[in-house]
Structures are given as C-alpha cells and as structure tokens.
Amino acid sequence: QKEVEQDPGPLSVPEGAIVSLNCTYSNSAFQYFMWYRQYSRKGPELLMYTYSSGNKEDGRFTAQVDKSSKYISLFIRDSQPSDSATYLCAMTYLIQGAQKLVFGQGTRLTINP
Amino acid sequence: DSGVTQTPKHLITATGQRVTLRCSPRSGDLSVYWYQQSLDQGLQFLIQYYNGEERAKGNILERFSAQQFPDLHSELNLSSLELGDSALYFCASSVSGRETQYFGPGTRLLVL
C-alpha cells in the first residue's frame with residue numbers, strides 16, 4: 001500500500017465549476033500537508049500549506065485536512081482555464097531531523113472554457 | 001520563478017553513458033533535494049543534502065550519486081544509464097531542511 005493515494009484522473013470540468021481534489025494517506029506520522037500545482041513541463045509550484053485539521057483558504061483555493069480520517073482535499077472555486085494543470089498532494093514528517101516528503105501520484109485537471 | 005535553477009534543461013544521451021545534472025538553490029537555502037519524476041512512478045524522492053552533508057536518502061539507485069558543494073550548489077551524477085532512467089529530474093531547496101521545498105524547472109533526461 002502506498003503511503004499517499006491520489007486519484008490520477010484525468011478530471012475535466014467546465015469553466016466556473018467547483019473542483020474537488022482528494023488524497024488519502026496511511027501514515028499517522030504525517031504532520032504537514034501541501035498542495036503543489038505543476039504545469040506541463042514545469043516544476044511543481046507550492047499552492048497551499050497547512051499543518052492542522054480544518055480548512056485553510058487562499059483566494060479561490062481551500063485546503064481541507066481531516067487527520068482523523070487521514071484525508072485531505074483541495075477545492076477550487078470559480079475554476080479558470082488557467083487552473084488546468086496537474087495537482088499533487090504532498091505530506092511530510094520529520095525523521096531523525098530530516099524532512100521526509102511524500103507525494104501523491106498527481107491529478108491531471110482540465111478546465112474547459 | 002521559484003529561485004531554484006537547474007541545468008541543463010534537456011539532455012539526450014545513450015545507454016551506458018554518464019551525465020551530471022546541476023542545481024543552484026534559492027539564495028539562503030541550505031538544503032537541497034533531488035527528485036525523479038516518471039509517468040508511471042510519479043515524483044520520487046532521491047536524496048537530500050544539508051549544508052554539504054547528506055541528510056536523507058530515498059529511492060536512489062547505486063548508479064546514482066550526488067553531492068553539495070561549499071557554495072551550496074548540488075550535482076546529481078547518473079551513470080551506466082538505462083532506458084528506464086529517462087525521466088524529469090527536479091531539484092528543490094529549503095532553508096534548513098524542515099520547511100517547505102521550492103522546486104526548480106527540472107532537467108528532462110532522455111536515454112536512447
């Protein structure tokens with residue numbers, strides 16, 4: 001079983017729709033949760049970062065963490081064609097002073113105009 | 001632009017060859033990470049350096065090695081290349097190794 005599971009999609013929605021992206025994890029040691037956005041042929045770009053259960057909002061993006069269910073989500077409101085990218089969830093914990101970062105497989109998202 | 005730079009952007013080579021990928025971290029960042037991204041494996045952590053010393057190892061093959069120099073730039077050496085080594089190789093950096101990582105644009109390696 002992978003430490004982090006993410007539906008690879010692809011996911012295609014019309015412009016303006018609300019998008020929900022999800023990841024589950026198995027390791028209770030994960031402390032920090034992130035969402036990265038990766039455009040084609042580019043490096044991952046940090047989108048959201050949180051460490052506690054609950055919601056964190058940043059503009060049209062909301063990150064949600066449920067540690068009891070080991071489940072995280074990213075919601076995109078009023079989706080735009082420019083949001084079309086691969087979204088990677090990532091989780092991290094410290095082990096022997098070093099950060100271990102584990103990524104999900106990534107969900108490929110297309111927003112259709 | 002994350003502030004992390006990687007060279008070269010693209011690399012085409014043959015099986016059995018050796019290549020070196022280079023990474024310069026963001027100004028002030030002491031920690032450098034290397035990742036491999038392929039279609040079937042996703043983003044896989046290879047190795048981390050902090051201020052010149054190896055800090056953590058992931059799924060790095062014995063044919064691969066890395067180092068971080070006094071000026072904090074890092075190199076990833078890939079030797080005895082195989083077709084399956086074709087992938088995107090990313091470098092990331094963070095301040096001390098406990099914070100958010102910022103990724104470079106990657107090096108696309110194609111082994112023929």
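All of these numbers come straight from a predicted model, not from anything done at the bench. (Residues numbered from 1 in each chain as written. Chains lettered and ligands numbered in written order. Predicted model: local features only at pLDDT ≥ 70, side-chain atom pairs only at ≥ 80, totals over all residues. Heavy atoms only, no water.)

Q: I keep staring at the overall build of chain B and nothing clicks. Help me out?
A: Of regular secondary structure, chain B possesses zero helices and eleven strands. Expected size for 112 residues packed as a compact globule is a radius of gyration near 13 Å; at 13 Å, chain B falls within 12% of this value. With the C-alpha coordinates aligned to their principal axes, the bounding extent of chain B is approximately 35 × 30 × 25 Å. Of the contacts formed within chain B by residues at least 6 apart in sequence, a portion of 55% connects residues at least 24 apart. Across chain B, the 9 positively charged side chains and the 11 negatively charged ones have centroids separated by 2 Å. (Helix = DSSP H or I, 4+ residues; strand = E, 2+ residues; numbered from the N terminus. Rg over C-alpha atoms; globule rule 2.2 N^0.38 Å. Contact = heavy atoms within 4.5 Å. Lys, Arg positive; Asp, Glu negative; His and termini not counted. Charge placed at Lys NZ, Arg CZ, Asp CG, Glu CD.)

Q: When you look at the interface of chain B and chain A in this model, what are you seeing that I'm missing?
A: Facing the 23 residues of chain B at the interface are 15 residues of chain A. Linking chain B to chain A there are zero salt bridges. Contributions of two or more residues to the side of chain B that touches chain A are made by strand 4 (31–38), strand 5 (42–50), strand 6 (53–57) and strand 10 (102–103) of chain B. Here the side of chain B that touches chain A gets four residues from one element, more than from any other, and that element is strand 5 of chain B. Split by residue class, the side of chain B that touches chain A holds ten nonpolar, eight polar and five charged. (Salt bridge = Lys/Arg side-chain N within 4 Å of Asp/Glu carboxyl O. Nonpolar A, V, L, I, M, F, W, Y, C, P; charged D, E, K, R; others polar.)

Q: Sorry if this is basic, but what is going on with the sheet that holds strand 1 (residues 4–6) of chain A here?
A: Residues and elements named next belong to chain A. Ordered in space as 1-3-8-7-6, the five strands form an open sheet in which the pairing is antiparallel. Of all strands in the sheet, those with a lone pairing partner are strand 1 and strand 6 (54–58), marking the two edges. Taking the axes of each pair of neighbouring strands and ignoring which way they run, one obtains an average angle of 20 degrees across the sheet. (Pairing = 2+ DSSP bridges. Axes fitted to C-alpha atoms, helices over the stretch in contact; angles between N-to-C directions.)

Q: What exactly am I supposed to notice about the sheet that holds strand 8 (residues 74–78) of chain B here?
A: Sheets are built from strands paired through backbone hydrogen bonds, the pairs being either parallel or antiparallel. Residue and element names in this part refer to chain B. Taken together, four strands build an open sheet; the order of strands is 1-3-8-7 and the sheet is antiparallel. Pairing within the sheet leaves two strands with one partner each, and these edge strands are strand 1 (5–7) and strand 7 (64–68). If you compare each strand with its neighbour and ignore which way they point, the axes differ by 15 degrees on average. By the bridge criterion, three bridges tie strand 1 to strand 3 (residues 19–24) in an arrangement that is antiparallel. Across the sheet, threonine 7 pairs through a bridge with arginine 22, a residue of strand 3.

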